[in-house]
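# Reading the structure
These are the residues of each chain, in order.
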Amino acid sequence: NAGVIQTPRHKVTGKGQEATLWCEPISGHSAVFWYRQTIVQGLEFLTYFRNQAPIDDSGMPKERFSAQMPNQSHSTLKIQSTQPQDSAVYLCASSLGGNTGQLYFGEGSKLTVL
Amino acid sequence: AQSVTQPDARVTVSEGASLQLRCKYSYFGTPYLFWYVQYPRQGLQLLLKYYPGDPVVQGVNGFEAEFSKSNSSFHLRKASVHWSDWAVYFCAVKGTGSKLSFGKGAKLTVSP
């Protein structure tokens, strides 16, 4: 069974450019989570979908960040006008039911903003 | 609000020695608690989970953790560390919602 697939694994953007990160959850999993990982802040929750519907986006920066889940097989995280402080590893995870706490993580997308 | 504190950011133990990684949680109520492990260049993997019940839970590769409501703790233990345990360990708490709140992690180094 394939795990959670994230693409690209590495992305370098210039300041002010847009970055789109993709996540393919495990087939049959109904919940998708996005986290951001940095050395300083650790793992920060960004947003969560269940059955493609946005449930909790309390961790999303109000400006420039958006997430979508147009179908059950993929989710995207878009960052507009990227800034150096957006540099991080963005982790996607999926879960069978969303409420168990048992998450299956992808390997992450490392974003570097120059 | 829920949160987790891992007081030891870096831990070094000798191979074969015992290990304890500390985790203190903050949550008003009975939480679900987890330990995840991140091996080099890999995603996080679930090591073990606590759902209300037996306070001692067993995980993979000989790891176990003990929940204490009175101490608000969920410490991770292993009797004999192997070099392959070299990784970063994250404690996490889930309250009534679905999101997990993670600690900042403890980087374990295993010396020969």
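Please refer to the structure higher up on the page.
Residues numbered from 1 in each chain as written. Chains lettered and ligands numbered in written order. Predicted model: local features only at pLDDT ≥ 70, side-chain atom pairs only at ≥ 80, totals over all residues. Heavy atoms only, no water.

### Notes on the packing of aromatic side chains
Applying the stated criterion to the full structure yields 15 aromatic pairs over all chains. Plain terms: the ring middles of Phe33 of chain A and Tyr48 of chain A are 4.5 Å apart, the flat faces sit at 10° to each other, and that makes the pair stacked. Taken together, the residues Phe33 of chain A in strand S4 (residues 31-38) and Tyr48 of chain A in strand S5 (residues 42-50) connect sequence positions 15 residues apart. Judged on exposure class, the residue Phe33 of chain A and its partner Tyr48 of chain A are both buried. With 5.6 Å between their ring centres and 40° between their planes, Phe63 of chain B and Tyr89 of chain B make a pair best called tilted. (Phe/Tyr/Trp six-rings, centres within 6.5 Å; stacked < 30°, edge-to-face > 60°. Helix = DSSP H or I, 4+ residues; strand = E, 2+ residues; numbered from the N terminus. Buried < 20%, exposed > 50% of the residue type's maximum accessible area, 1.4 Å probe, protein only.)

### Regarding the sheet that holds strand S3 (residues 19-24) of chain A
Residue and element names in this part refer to chain A. Taking strand neighbours across the sheet as the criterion, the four strands line up as S1-S3-S8-S7 in an open arrangement whose pairing is antiparallel. Every other strand in the sheet has two partners, leaving strand S1 (5-7) and strand S7 (65-71) as the edge strands with one partner each. Going from strand to strand, the sheet's axes swing by 20° on average, the running direction of each strand aside. With five bridges joining them, S3 and strand S8 (residues 74-79) adopt antiparallel strand pairing. Along S8, the bridge assignment pairs Thr20 with Lys78. (Pairing = 2+ DSSP bridges. Axes fitted to C-alpha atoms, helices over the stretch in contact; angles between N-to-C directions.)

### What about the pattern of salt bridges?
All chains considered together, the criterion is met by seven salt bridges over all chains. The closest approach of N and O atoms between Arg9 of chain A and Glu107 of chain A, which form a salt bridge, is 2.6 Å. One end of the pair, Arg9 of chain A, is in the loop between S1 and strand S2 (10-13); the other, Glu107 of chain A, is in the loop between strand S10 (104-105) and strand S11 (109-113), and 98 residues separate them in sequence. On the basis of relative accessibility, which here comes to 37%, the residue Arg9 of chain A falls in the partly exposed class. The shortest N-O distance in the salt bridge between Arg36 of chain A and Glu44 of chain A comes to 3.2 Å. Connected through salt bridges with shared partners, the residues Glu64, Glu66 and Arg77 of chain B form a single ionic network. (Salt bridge = Lys/Arg side-chain N within 4 Å of Asp/Glu carboxyl O.)

### Quick notes on the pairing of strand S8 (residues 64-68) of chain B
Moving residue by residue along a regular strand, the side chains alternate between the two faces of the sheet. Residue and element names in this part refer to chain B. Sheet topology places strand S7 (residues 56-58) next to S8; three bridges connect them, and they run antiparallel. Along S8, the bridge assignment pairs Gln58 with Glu64. The hairpin turn running from S7 into S8, its antiparallel successor, is five residues long, and Asn61 in that turn takes a positive phi close to 55°. Bridge analysis of S8 against strand S9 (residues 73-78) gives five bridges, and the strand direction is antiparallel. The partner of Glu64 across the bridge, within S9, is Arg77. Count of turn residues in the S8/S9 antiparallel hairpin: four residues, of which Ser72 carries a positive phi of about 50°.

### Focus on the nonpolar core
One recurring pattern in soluble globular proteins is that nonpolar side chains are buried together. Grouped together as the largest cluster of nonpolar side chains are 28 residues, with contacts concentrated most on Leu19, Leu21, Trp35, Leu48, Phe74, Leu76 and Tyr89 of chain B. Residue assignment for this core shows that the elements contributing at least two residues are strand S2 (10-14), strand S3 (19-21), strand S5 (32-38), strand S6 (44-50), S8, S9, strand S10 (87-94) and strand S12 (106-111) of chain B. At four residues, the largest contribution of residues to this core is made by S10 of chain B. Formed by 19 residues, the second largest nonpolar core is a distinct cluster that contains Cys23, Met69, Ala88 and Tyr90 of chain A. (Core = buried A, V, L, I, M, F, W, Y, C linked by side-chain atoms within 4.5 Å.)

### Quick word on the interface of chain A and chain B
Between chain A and chain B, the contact holds 21 residues from the first and 19 residues from the second. For the pair chain A and chain B, the summed buried area comes to about 1600 Å², and 51% of that belongs to carbon and sulfur atoms. Seen at the junction of chain A and chain B, the total is zero salt bridges. Summed over the shared surface of chain A and chain B, the number is 10 residue pairs in polar contact (both at pLDDT 80 or more). Residue assignment for the side of chain A that touches chain B shows that the elements contributing at least two residues are S4 and S5 of chain A. Among the elements that take part in the side of chain A that touches chain B, S5 of chain A stands out by supplying four residues, more than any other. (Contact = heavy atoms within 4.5 Å. Buried area = accessible area lost by both parts, 1.4 Å probe. Polar contact = N/O pair within 3.5 Å; in protein donor to acceptor, adjacent residues only side chain to side chain.)

### Quick notes on the state of the cysteines
Residues and elements named next belong to chain A. Enumeration over the complete set of coordinates arrives at two disulfides over all chains. The disulfide bridge from Cys23 ends at Cys92, spanning 1.8 Å between sulfur atoms. With the S-S dihedral at roughly -65°, the linkage between Cys23 and Cys92 falls on the left-handed side. Note that Cys23 is positioned in strand S3 and Cys92 in strand S9 (residues 88-95), a separation of 69 residues in sequence. (Disulfide = S-S within 2.5 Å.)

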